[in-house]
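Structural features, examined
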Amino acid sequence: MRAHGQPWIVAISLLNRSTTNPFACPVNSRKLTVRRMDWCIFKTIPGNVCGSGPGSFGHYAADARTIAVESRAKFLKIDYCAYYKSNGNSTQPSINTQQYYWAQFRDALNKTGHPLYLYTCPRSFQNGISGSIYDGPPRNWTAKLRTELSNCMLTEYHNAQDTWTSAMSNLDALLDLGIPSAVGPGFWQDADMLQTCNFGKGKTPGTGMTQTEYNATFATWAVLASQMIISADPREVALQHPHCLRLLLNTELLAINQDSGGLPPTLLFHRNNTMAFSRRLHDKSIAVVVLNRNDNGGATAVHVTRQALGISIGAHCRVRDLLQHRTALPAGTPTKRAVPGPIVAVNLVPHEAAALRITCV
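Residues numbered from 1 in each chain as written. Predicted model: local features only at pLDDT ≥ 70, side-chain atom pairs only at ≥ 80, totals over all residues. Heavy atoms only, no water.

1. Quick word on the state of the cysteines
Each disulfide consists of one covalent bond between the sulfur atoms belonging to two cysteines. Convention followed: When the sulfur atoms of two cysteines come within 2.5 Å, that pair is taken as a disulfide. Runs of E in the DSSP output that reach at least two residues are strands. Runs of H or I that reach at least four are helices, and both are numbered from the N terminus.
Tallied over the full model, the rule gives two disulfides. Here Cys197 pairs with Cys244 through a disulfide, and the sulfurs are 2.0 Å apart. Negative torsions about the S-S bond denote left-handed disulfides, and the value of about -90° found for Cys197 with Cys244 makes this one left-handed. Separated by 47 residues along the polypeptide, Cys197 in the loop between β8 (188-190) and α6 (211-223) and Cys244 in helix α8 (residues 242-248) bring together distant segments of the chain.

And the structure:
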């Protein structure tokens with residue numbers, strides 16, 4: 001993937017305190033560095049690590065040194081996916097308890113002096129102290145609290161599955177539990193890993209999605225500046241679904257997600273089961289994704305006005321289709337995707353999205 005312009009490949013490992021060879025992480029780190037790959041570690045706070053082995057509870061300084069100094073990891077995901085081992089009958093720890101432990105781990109990492117991207121996964125109750133458990137922060141967490149706790153935060157209702165319903169649930173959670181204005185260099189929100197190109201053959205539940213649905217979710221995650229973490233094996237995708245591999249290697253969409261301007265996305269509207277998002281980019285262009293969430297029916301016409309995008313009437317604009325890799329035809333020419341103006345006019349079948357980049361002078 002690096003040959004196609006991707007900045008790096010991330011290798012993900014599970015670190016268990018009771019079973020990890022203390023020399024394995026540094027050795028693997030060196031091997032990955034030689035292969036121009038970066039090292040990502042998944043860890044958890046409580047006494048159980050998502051089903052097996054103890055976590056980091058009470059060992060933050062030691063684990064911080066192993067992860068940041070000895071292993072030279074670049075990315076650390078800290079979960080809270082199990083109950084505290086010493087009290088198996090307890091309920092999910094309160095969000096304040098989780099926050100306290102994460103802060104301790106964060107401080108231990110900072111004391112090492114080694115830069116590292118820290119990703120946290122809060123688990124909160126829908127009604128504060130009772131109700132459904134969300135895999136995301138409580139709504140009353142301020143932007144200041146979130147940005148000081150970590151570099152990224154999981155913001156979903158429930159773990160991602162390879163279904164359209166799950167993907168839309170995660171999108172709704174990002175809009176409901178997240179704070180778009182908090183997004184920027186140093187802090188990002190994650191709607192959970194992408195199921196793109198799994199086609200029901202991945203490790204998560206779900207019968208899979210269509211290529212149209214994978215296009216839509218990939219483009220939406222990109223414009224929302226969510227983490228672009230894929231769960232499909234690129235080797236299998238290359239053999240079985242080369243057309244979907246082209247989506248994973250879509251440098252134009254990835255450039256939207258990784259834009260150096262670091263500006264937050266905007267929800268333009270959500271009406272009649274259609275949505276539109278925009279994001280201003282470092283070169284003054286605007287990324288726009290329009291999404292048809294309807295499950296049935298024919299194509300739906302969706303429009304985005306100049307006013308909604310803050311573009312003056314007299315501006316001369318060019319519209320680039322990022323999924324089709326082509327510039328829109330002149331105004332008045334029939335096209336499914338868009339007409340410049342740049343009033344965006346798209347006709348989308350159910351579960352389809354259009355991804356555009358609008359550049360004006």
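Now that the structure is up, let's keep going.
2. Some details on the environment of Asp79
Here Asp79 is to be found in strand β3 (residues 75-79). Residues Asp79 and Pro122 lie 43 residues apart in sequence; the distance between their C-alpha atoms is 7.2 Å.

3. Some remarks on the sheet that holds strand β10 (residues 274-280)
Sheets are built from strands paired through backbone hydrogen bonds, the pairs being either parallel or antiparallel. Counted only if it meets this: Note on pairing: DSSP must find at least two bridges between two strands before they are called paired. Residue contacts follow a heavy-atom distance rule, with two residues in contact if any of their heavy atoms lie within 4.5 Å. Note on definitions: angles span 0 to 180 degrees between N-to-C directions of axes, and those axes are lines fitted to C-alpha atoms, for helices only across the stretch in contact.
Here six strands make up an open sheet; going across it, the order is β9-β10-β11-β16-β13-β14 and the pairing antiparallel. Across the chains shown, the open sheet's two edge strands, defined by having one partner strand only, are β9 (266-271) and β14 (326-327). Alignment of strand β11 (residues 286-292) against strand β16 (residues 353-360), held across six bridges, turns out to be antiparallel. Looking at β16, one finds that Leu291 is bridged to Ala353. Strand contacts of α6: β10, β11 and β16, with the helix running at about 140° to β11, the strand carrying the most contacts.

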